[in-house]
Every structure is written in structure tokens, then in C-alpha cells.
Amino acid sequence: MVEVQKHSVHTLVFRSLKRTHDMFVADNGKPVPLDEESHKRKMAIKLRNEYGPVLHMPTSKENLKEKGPQNATDSYVHKQYPANQGQEVEYFVAGTHPYPPGPGVALTADTKIQRMPSESAAQSLAVALPLQTKADANRTAPSGSEYRHPGASDRPQPTAMNSIVMETGNTKNSALMAKKAPTMPKPQWHPPWKLYRVISGHLGWVRCIAVEPGNQWFVTGSADRTIKIWDLASGKLKLSLTGHISTVRGVIVSTRSPYLFSCGEDKQVKCWDLEYNKVIRHYHGHLSAVYGLDLHPTIDVLVTCSRDSTARIWDVRTKASVHTLSGHTNAVATVRCQAAEPQIITGSHDTTIRLWDLVAGKTRVTLTNHKKSVRAVVLHPRHYTFASGSPDNIKQWKFPDGSFIQNLSGHNAIINTLTVNSDGVLVSGADNGTMHLWDWRTGYNFQRVHAAVQPGSLDSESGIFACAFDQSESRLLTAEADKTIKVYREDDTATEETHPVSWKPEIIKRKRF
């Protein structure tokens with residue numbers, strides 16, 4: 001190997017010396033200058049050997065005009081040499097095969113052979129190439145609107161404007177085709193929502209809210225450590241439940257039994273019997289504050305998520321911890337259950353979303369697209385899709401593998417809660433008190449709401465911690481930092497004429513990250 005490398009080095013040195021001293025020749029060890037005839041003979045041999053195959057190519061007239069009077073070496077350019085006389089001239093066009101092999105592309109007997117272009121096409125291409133080369137040489141640094149990566153090639157990138165179309169028989173193949181940018185389809189019209197009731201009664205931030213399956217009442221949990229049950233129609237307080245010794249962070253009413261489940265920052269998970277208004281079960285196991293909980297729709301399973309970076313699956317009747325879902329590296333802020341696979345979805349402060357296998361208790365998919373904490377996840381009631389909320393974006397995903405659908409950009413705040421109804425209205429509530437309403441299918445933001453805080457509260461106490469539609473989906477309830485529950489309903493007087501959709505078919509920028 002070493003000898004081969006030495007040989008290569010000697011060869012390179014010899015060639016370099018030959019180029020440098022091509023005007024001299026060794027005669028008896030003494031270099032003497034070449035005469036004019038010897039020099040012409042050497043140049044003729046060199047031209048024949050190195051440039052013979054392209055001497056017959058036509059020359060652009062513009063290039064001849066630019067060059068002006070020919071120099072001494074131009075006489076060799078058009079000279080015919082005996083080696084090329086009497087031979088058939090064959091054109092060779094280098095480039096990509098018009099039918100590249102690949103998955104799903106079968107080559108037939110016709111397409112396997114690359115037909116040569118006609119003589120006229122070859123000549124026109126040969127004339128155009130020097131002009132293209134000159135244009136590429138004049139293209140220096142990129143303009144201010146372009147950005148070239150330091151490691152990128154300096155070769156000019158082909159565009160749709162300078163694509164070359166070559167004749168191949170009776171057909172034309174375009175090297176590049178301009179693609180039409182995707183545009184947002186026209187969104188469905190939704191009537192705006194307006195505030196019509198504010199319910200007071202809690203003495204601290206209202207952190208969670210849930211509506212019971214019969215649509216007669218709803219329940220809230222607060223930083224005042226109480227759980228309150230309210231009449232949905234009148235907004236009057238029906239019952240207060242005490243038992244938690246810290247902020248209540250999650251409540252949910254079972255559809256399969258007369259039970260209410262709650263969790264809080266005191267690490268406790270409680271099951272309340274609503275016939276006796278008493279705690280009948282405790283679920284012990286979490287090592288830190290419990291931030292959220294959800295019930296499985298078809299089996300007696302409760303899932304909770306905690307600041308201890310885990311989610312736990314509980315048997316409702318036996319209080320046994322079936323699985324501890326480990327994998328997140330920071331607090332798990334939200335959890336959702338569904339009957340279809342994957343049956344459990346969690347969002348965490350470690351910026352990831354995990355889809356879990358309920359039976360095995362292991363992660364199926366980890367979604368790492370978000371750049372900031374994921375505090376809210378919502379499942380669409382009809383479609384096999386879900387959305388996640390983070391300060392960077394609201395993202396929509398498709399089950400079962402978490403395929404990315406689109407970004408819903410514009411709610412530039414900490415998204416605490418998401419909810420969606422079967423009509424395709426997605427609601428996002430944020431830490432700064434703003435609420436945005438979106439069309440689920442297109443991601444169009446058709447309304448933005450920022451309700452005034454309750455009189456007597458500070459402006460800084462403007463925040464939405466939870467929101468939910470009632471069972472009829474005609475009312476929207478929000479749990480807020482000014483210690484109130486606000487109830488919204490659709491504006492019955494609104495029409496498409498009074499509240500038109502200010503939509504334009506703008507180009508969608510669908511970013512993966």
C-alpha cells in the first residue's frame with residue numbers, strides 16, 4: 001500500500017513538472033528550448049487526444065463576437081484531424097435517466113433504453129450550454145433574501161424557471177415541475193360565542209371542571225381545597241365537599257356508576273359516593289402532586305398523572321395499582337383515555353406526548369415535536385384524531401401512530417386547557433385569560449375572547465385553567481383564576497352575513513417542528 005502511494009506521488013510530481021516545463025525538452029541531460037514546429041506538433045497531439053471528441057460541436061456565434069479576433073491557438077479549434085475523419089459522429093448527452101428506477105416504477109422494454117436526441121436538439125443544447133455556464137459563473141453570492149448553509153454546495157440549484165426540456169422522439173420531458181403550494185380550504189362557519197353568566201362562590205382559583213352525564217349539574221375543584229357542585233340551568237350552588245388538604249387539580253364524574261373522582265396537590269386520589277356524599281375509596285401511590293385524572297369509557301379503570309413524572313392505572317373497585325406508566329422525565333400534566341388503541345395519552349412538562357399500551361403498560365409512541373411543556377390534550381369525539389396544547393403551538397395528530405396533521409398557530413400563551421365539541425369547535429384557554437376558538441378541520445381561528453376579571457380581583461388574576469362543553473354542547477364553561485366560573489353560549493342572532501368568515505386562501509406553512 002505504501003509503495004502504491006509513493007508511486008502516485010511520483011506520478012503527480014512528474015505531471016506537475018511536465019506542465020511547468022512544457023517549453024523545454026531534455027537533450028543529453030541539458031534542457032533546450034523547443035522550436036516552433038515541435039511546439040505546434042505537441043499542441044496538435046494534445047488537442048487530438050484531449051479535445052478531439054468535442055471539436056465537431058458547434059460554437060455559439062455570440063461567443064465568437066465576444067472573443068473578437070482569434071489568437072494563435074484558435075486555429076487548432078476548427079482543424080479536422082485524420083483520427084476523426086471518416087468516422088460517424090455520435091452525440092452523448094449526460095444527465096439523469098428520464099425513467100429512474102425506484103419503488104413502484106417498473107422499467108419496460110421501451111423505457112430501459114435512453115433514446116438519443118435528434119441532431120437539431122443536440123446542436124441547440126450545445127449552443128445553450130456555454131450561455132448557461134456563463135450565467136452560472138456570473139452568479140456570485142446569494143441575495144439577501146436567500147440563505148445558504150455553510151456546508152451547502154456552491155453549485156447552482158435548479159429552479160422551475162431554468163429547467164431544460166429535451167425532445168425525445170415525439171414527447172417532451174420536463175426536468176422540473178413547479179408544485180402548487182397547499183392552501184387552507186374554506187373553513188366551516190361557526191356562530192360566535194358570548195358570555196351570559198358568571199358564577200361566584202369559590203374562595204380560590206378554580207382549577208378544574210366537569211359536567212355530569214345527565215347534564216343537570218357540574219362540578220368544580222378549587223385552590224380553596226373544596227369541591228363544589230352547581231346546578232347547570234340556574235348556576236346555583238347545590239353542594240360543597242371537603243376532604244382534600246390542598247388544591248384540587250382534577251375532577252371527573254363516572255358514566256358507569258354514581259361516583260365522583262378527584263385528585264389534588266396533596267397526592268391524594270379520592271372516590272366520592274354521590275348518594276352519601278362521602279369518600280369511599282382512596283388510591284395511594286403517587287409520590288407528589290396529582291395534576292389530572294380520567295376514566296376509561298368502557299372498563300372500570302382510573303388513570304391519574306402526577307408531578308412525580310408517572311401516570312398510574314388503578315382498578316376502580318379494588319383500588320389496586322395495575323400499572324405505573326414510567327418514561328416521562330418531568331411532571332405529567334394531562335392524561336386522556338379512550339376505548340380504541342392507544343387507550344391512554346399523556347402530555348408532560350418534558351415537552352413530549354406519549355401514547356401507551358394499556359395492557360402492557362408500556363409506551364407505544366413518543367411524540368417529540370413540541371418545544372415546550374404540553375399541559376393540555378383533547379380527543380375529538382367523532383374523528384380518530386387528537387390535539388395537544390403548548391406555548392409554542394397547538395398541534396393536531398392522527399391515531400393510532402400519532403401522525404402529525406397541522407399546527408394551529410396564533411395563541412401565543414401558556415395553553416392550560418383544550419376542549420372540542422362534535423361540531424368541530426376547538427377551544428383553547430390560556431394562562432393570560434385569553435380564549436381562542438378554532439375550526440377543527442382547517443385550523444382557522446374564528447374568535448378570540450378575553451373576558452374581564454371579576455370586580456375586586458386583580459388584572460393579573462386573569463387566567464383560564466379548565467374549560468368544558470356541557471352534554472348538549474350548547475354551553476361552554478370555563479374555570480378561571482378570578483375565582484369564578486364563566487358560562488358561554490352561541491349567539492343566536494349571528495349569521496354568516498353579520499359575522500362573515502374573514503378567510504383568504506393563504507398558503508399553509510405546515511412545520512414539522
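Residues numbered from 1 in each chain as written. Predicted model: local features only at pLDDT ≥ 70, side-chain atom pairs only at ≥ 80, totals over all residues. Heavy atoms only, no water.

Asker: What am I meant to see in the environment of F469 here?
Answerer: Inspection of the secondary structure puts F469 in strand β30 (residues 464-469). Sequence separation between F469 and T419 is 50 residues, and the spatial gap between their C-alpha atoms is 7.3 Å. Each residue touching F469, except ones within four places of it in the same chain, is listed here: W193, V211, T419, V420, N421, V425, V427, R475 and L476. (Helix = DSSP H or I, 4+ residues; strand = E, 2+ residues; numbered from the N terminus. Contact = heavy atoms within 4.5 Å.)

Asker: I tried to follow the side chain of D308 on my own but got confused; where do I start?
Answerer: Positionally, D308 belongs in the loop between β15 (301-306) and β16 (310-315). The side chain of D308 sits in the buried core without any salt bridge; R312 is the nearest counter-charge, 4.9 Å away. A polar contact of 2.7 Å, which involves the side chain of D308, links it to the side chain of T310. If we ignore the near neighbours within four places in the chain, the residues touching D308 are H286, L287 and S288. (Buried < 20%, exposed > 50% of the residue type's maximum accessible area, 1.4 Å probe, protein only. Lys, Arg positive; Asp, Glu negative; His and termini not counted. Salt bridge = Lys/Arg side-chain N within 4 Å of Asp/Glu carboxyl O. Polar contact = N/O pair within 3.5 Å; in protein donor to acceptor, adjacent residues only side chain to side chain.)

Asker: I would appreciate a short explanation of the sheet that holds strand β32 (residues 484-490) in the present structure.
Answerer: Strands pair in a sheet through their backbones, by hydrogen bonds, and they do so in one of two ways: parallel or antiparallel. What the four strands build is an open sheet, ordered β5-β32-β31-β30; its pairing is antiparallel. Looking at the sheet topology across the chains shown, the edges are occupied by β5 (193-200) and β30. Going across the sheet, the axis of each strand differs from the next one's by a mean of 25 degrees, ignoring polarity. Strand direction decides the pairing type here: β5 and β32, joined by seven bridges, are antiparallel. Each residue of the ladder has a partner; that of I199, found in β32, is I485. (Pairing = 2+ DSSP bridges. Axes fitted to C-alpha atoms, helices over the stretch in contact; angles between N-to-C directions.)

Asker: Just to check I follow, could you spell out the pattern of salt bridges for this structure?
Answerer: Any two side chains of opposite charge can pair, so long as their charged atoms come close to each other. Scanning all chains against the criterion turns up nine salt bridges. Close ionic contact of K483 with E461 constitutes a salt bridge, the shortest N to O distance being 3.4 Å. A residue pair is termed long-range when its members are at least 10 positions apart, and K483 in the loop between β31 (475-480) and β32 and E461 in the loop between β29 (445-449) and β30 qualify at 22 residues. Note on K483: relative accessible area 25%, which makes it partly exposed. Residue E461 is classed as buried on the basis of its relative accessible area of 17%. Here the salt bridges do not stand alone but share partners, grouping R256, D300 and R317 into one network.

Asker: Help me out: how do you make sense of the packing of aromatic side chains in this one?
Answerer: A ring pair, where both rings are aromatic, is described by two values, the distance of the centres and the angle of the planes. For the structure on display, the rule yields ten aromatic pairs. Joined through ring pairs, the aromatic side chains of Y384, F386, W397, F399 and F404 make up one cluster. When the ring centre of Y196 is taken as origin, the NZ or CZ atom of R489, which lies over that ring, is 4.1 Å away. (Phe/Tyr/Trp six-rings, centres within 6.5 Å; stacked < 30°, edge-to-face > 60°. Lys NZ or Arg CZ within 6 Å of the ring centre and 35° of its normal.)

Asker: Explanation requested: the nonpolar core in the structure shown.
Answerer: Side chains that are nonpolar tend, in soluble globular proteins, to be buried together. With 15 residues, the main nonpolar core has W193, V425, V427, M435, L437, L476 and Y488 as its most contacted residues. When contributions to this core are tallied by element, the ones reaching two or more residues are β27 (425-430), β28 (435-439), β29 and β30. Discounting chain neighbours no more than four positions away, the residues touching M435 are H411, V427, S428, Q447, R448, V449, I464, L476, T478 and Y488. (Core = buried A, V, L, I, M, F, W, Y, C linked by side-chain atoms within 4.5 Å.)

Asker: Any chance you could explain unusual backbone geometry here in plain terms?
Answerer: Trans peptide bonds make up the majority, and among non-glycine residues the majority have a negative phi. A cis amide bond, omega -10 degrees, links E341 with the succeeding residue P342. Structurally, P342 can be placed in the loop between β18 (332-337) and β19 (344-348). Each neighbour pair has its own omega, and for F399 with P400 the value is 0 degrees, a cis peptide bond. Mapping P400 onto the fold places it in the loop between β24 (394-398) and β25 (403-408). One non-glycine residue with positive phi stands out, namely K267, at about 70 degrees.

Asker: Explain the confidence of the model for the protein chain to me, please; I cannot follow it from the model alone.
Answerer: Interpreting fine coordinate detail is not advised for predicted regions of low pLDDT. When the pLDDT values of the protein chain are averaged, the result is 79; 65% of them are 70 or greater. Scored below 50 in pLDDT, residues 139-175 shows 29 contacts in the model against residues more than four places distant or in partner chains. Confidence drops under a pLDDT of 50 for residues 507-513, and excluding neighbours within four residues, the segment shows 15 contacts in the predicted structure. (pLDDT = per-residue confidence, 0-100.)

Asker: Explain the pairing of β29 to me, please; I cannot follow it from the model alone.
Answerer: Both faces of the sheet carry side chains from a regular strand, because those side chains alternate between them. Burial runs high along β29: four of the five residues are buried. Inspection of the sheet shows β28 paired to β29 by four bridges, in the antiparallel sense. Bridge pairing links W438 to N445 in β29. Here β28 folds back onto β29 in antiparallel fashion, the turn holding five residues, of which G443 has a positive phi close to 75 degrees.

Asker: How should the side chain of S428 be read in this particular structure?
Answerer: Here S428 is to be found in strand β27. Looking at S428, its side chain comes within polar contact range of the side chain of H411, at 2.7 Å. Not counting residues up to four positions away in its chain, the partners in contact with S428 are I394, H411, I415, T417, L418, T434, M435, H436 and W438.

Asker: Looking at this model, I keep getting lost on the state of the cysteines. Mind explaining?
Answerer: As used in these notes, a disulfide is a covalent bond between sulfur atoms, one from each of two cysteines. For the coordinates displayed, the defined rule picks out zero disulfides. Residue C208 stays outside any disulfide, its sulfur separated by 7.1 Å from that of C263, the closest cysteine. (Disulfide = S-S within 2.5 Å.)

Asker: I tried to follow the environment of A466 on my own but got confused; where do I start?
Answerer: Inspection of the secondary structure puts A466 in strand β30. Taking the C-alpha atoms as reference, A466 lies 8.1 Å from V206; in sequence the two are 260 residues apart. Aside from chain neighbours lying at most four places away, what touches A466 is R207, C208, I209, T417, L477, T478 and A479.

Asker: Help me understand the pairing of strand β12 (residues 269-273) in this model?
Answerer: β12 sits mainly inside the fold: five of its five residues count as buried. Alternating residues of β12 divide into V269, C271 and D273 and K270 and W272, and every residue in both groups is buried. Hairpin geometry of strand β11 (residues 259-264) and β12 is characterised by an intervening segment of four residues between the two adjacent antiparallel strands and by a positive phi of about 70 degrees at K267. With four bridges connecting them, β12 and strand β13 (residues 278-282) associate as antiparallel partners. Bridge assignment links K270 to a residue of β13, and that residue is H282. In textbook terms, the turn of a hairpin is the stretch between consecutive antiparallel strands, and for β12 and β13 this stretch comprises four residues, one of which, N277, has a positive phi near 55 degrees.

Asker: Any chance you could explain the sheet that holds strand β21 (residues 362-367) here in plain terms?
Answerer: One open sheet accounts for four strands, arranged β18-β19-β20-β21; its pairing is antiparallel. Two strands in the sheet have a free side with no partner beyond their single neighbour: β18 and β21. Neighbouring strand axes in the sheet, compared pairwise and without regard to direction, differ in orientation by 25 degrees on average. Judged from the five bridges that link them, β18 and β19 form a sheet pairing that is antiparallel. In the strand pairing of β19, C337 is matched with I344.

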